[in-house]
Amino acid sequence: LHDGTGTLNLTTCRFIDNTARSTEGTEALGGAIYTRSNEVHIDDCWFQGNQVQIPDFSQKGAFGNRAHGGAIYFGGTDEPKTINITRTNFIGNNAI
């Protein structure tokens, strides 16, 4: 799920075995969710087995070849964000 700006509300949802993969010179962001929203509310959700991957590039770890946020990546500007996560499980999510 890629969300823009504004408010993101998720209730009673499941994100299982999703993968974000990069291509050479790009970042992999948020295995299940990548959001730039200023306000995020997640309630009664389940995040399991989600991952972000970068292939085995010779420049792994160099600018642009990075993996962030196995389950959720909160991106965007440096503006303060409101993030509320309640009654939610995170199991076996990875950024590799």
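So, a few notes on the structure that sits alongside this text. (Residues numbered from 1 in each chain as written. Predicted model: local features only at pLDDT ≥ 70, side-chain atom pairs only at ≥ 80, totals over all residues. Heavy atoms only, no water.)

Considering the state of the cysteines
Rules: Any pair of cysteine sulfurs within 2.5 Å is marked as a disulfide. Strands here mean DSSP runs of E at least two residues long; helices mean DSSP runs of H or I at least four residues long; both are numbered from the N terminus.
The final tally for this structure, using the stated rule, is one disulfide. A disulfide bridge connects C13 with C45, and the sulfur atoms are separated by 2.4 Å. Handedness of the C13-C45 disulfide follows from its S-S torsion of about 100°: it is right-handed. Highlighted residues: C13 in the loop between β2 (7-11) and β3 (14-16) and C45 in the loop between β7 (39-43) and β8 (46-48), separated in sequence by 32 residues.

Notes on the sheet that holds β7
The line we're drawing: For two strands to count as paired, DSSP must find a minimum of two bridges between them. Throughout, an axis means a line fitted to C-alpha atoms (over the contacting stretch in the case of helices), and angles, computed between N-to-C directions, take values from 0 to 180 degrees.
One open sheet accounts for three strands, arranged β2-β7-β12; its pairing is parallel. The two strands at the open ends of the sheet, each matched to only one other strand, are β2 and β12 (82-86). Direction aside, the axes of adjacent strands within the sheet are offset by 0° on average. Both β7 and β12 contribute to a ladder of five bridges, which runs parallel.

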